[in-house]
Amino acid sequence: MNRDDFKMVSIRGRLAYAISCLENALKYYKCNTTDWRIVLEQLWTYTDIQFFDDWHYTIAEILPESVLESNIFDVDDHEYINEMQFICLHNLYSNTNNEIKDIIQFIFNIGICEFYEKLENYGQLTLDNMEVLINYMISNSIPLPDMSRFKVFYYDDGNGWGEKFSGIKYSCIL
């Protein structure tokens, strides 16, 4: 599998695939998937959100790097999560491996890399980031999701971004 496999898949479809990669990694590493609901529910909103900026700001706040940079919740630093969520995320990320944290960062990169650019060449930036994610999954022996499930999200729809859909229906965890 390579980046060209995603040329005809919308950006929303690509991100859905990337989130499915995270779900596969959670299963591969035998993580308690119930604990990961808080992260997965937020990630999956990308597929049916109206304004991608909302997703960007929320996810930026729950990224492992953002949460782990401090041991103390500061209300001035958090607009999208509360103290209880912060504590939950901090514990979750503190007790997980780097591969899971890296995949979450890859998902974020895929989700935002085309925000302020005109989509050209089938969304080349997301294709590049998809290739990085796929290679990372392969190099860590994490099973890839079935690509055929995501080919129904056409790049030609929604100016490359694709039509909104309920991504949670594609989740193998939620």
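The structure this text deals with has already been given above.
Nothing here was measured: the structure is a model prediction, and the numbers come from that model.

Counting through the fold element by element, Gly111 comes out in helix H6 (residues 98–112). When the C-alpha atoms of Gly111 and Leu15 are compared, they prove to be 6.3 Å apart, with 96 residues separating the residues in sequence. Discounting chain neighbours no more than four positions away, the residues touching Gly111 are Leu15, Tyr46 and Trp55.

Now for the packing of aromatic side chains. Under the defined criterion, the tally for this structure stands at 17 aromatic pairs. Taken together, a centroid distance of 5.0 Å and an interplanar angle of 35° make the contact between Phe52 and Trp161 tilted. Of this pair, Phe52 sits in helix H3 (residues 52–62) while Trp161 sits in the segment after helix H7 (124–139), and the two are 109 residues apart along the sequence. When sorted by exposure, Phe52 lands in the same class as Trp161, which is buried. Centroid distance Trp55 to Phe108: 6.2 Å. Interplanar angle 20°. Geometry classified as stacked. Here Trp55 is found in helix H3, whereas its partner Phe108 is found in helix H6, with 53 residues between them in sequence.

Its place among the elements puts Glu61 in helix H3. Although buried, Glu61 forms no salt bridge, and the nearest oppositely charged side chain, Lys101, lies 19 Å from it. Here Glu79 takes part through its backbone nitrogen, which lies 2.9 Å from a polar atom of the side chain of Glu61. In this structure, Glu61 is in contact with Ser66, Val67, Asp77, His78, Glu79, Tyr80 and Ile81, ignoring residues within four places of it in sequence.

Turning next to the state of the cysteines. Summed over the entire model, instances satisfying the criterion amount to 0 disulfides. With no disulfide of its own, Cys31 lies closest to Cys172 among cysteine sulfurs, the gap being 12 Å. Considering cysteine sulfurs only, Cys21 is the nearest to Cys172, which forms no disulfide, with 10 Å between them. In this structure Cys172 comes out as partly exposed when scored by relative accessible area, which is 39%.

A rise of 1.5 Å per residue sets the reference length of helix H1 (residues 11–28), with its 18 residues, at 26 Å; its end C-alpha atoms lie 25 Å apart and thus fit the reference within 8%. Along H1, 16 of the 18 residues are buried, which leaves the element largely enclosed by surrounding structure.

Parameters at a glance
Residues numbered from 1 in each chain as written. Predicted model: local features only at pLDDT ≥ 70, side-chain atom pairs only at ≥ 80, totals over all residues. Heavy atoms only, no water. Helix = DSSP H or I, 4+ residues; strand = E, 2+ residues; numbered from the N terminus. Contact = heavy atoms within 4.5 Å. Phe/Tyr/Trp six-rings, centres within 6.5 Å; stacked < 30°, edge-to-face > 60°. Buried < 20%, exposed > 50% of the residue type's maximum accessible area, 1.4 Å probe, protein only. Lys, Arg positive; Asp, Glu negative; His and termini not counted. Salt bridge = Lys/Arg side-chain N within 4 Å of Asp/Glu carboxyl O. Polar contact = N/O pair within 3.5 Å; in protein donor to acceptor, adjacent residues only side chain to side chain. Disulfide = S-S within 2.5 Å. Expected span 1.5 Å × (residues − 1).

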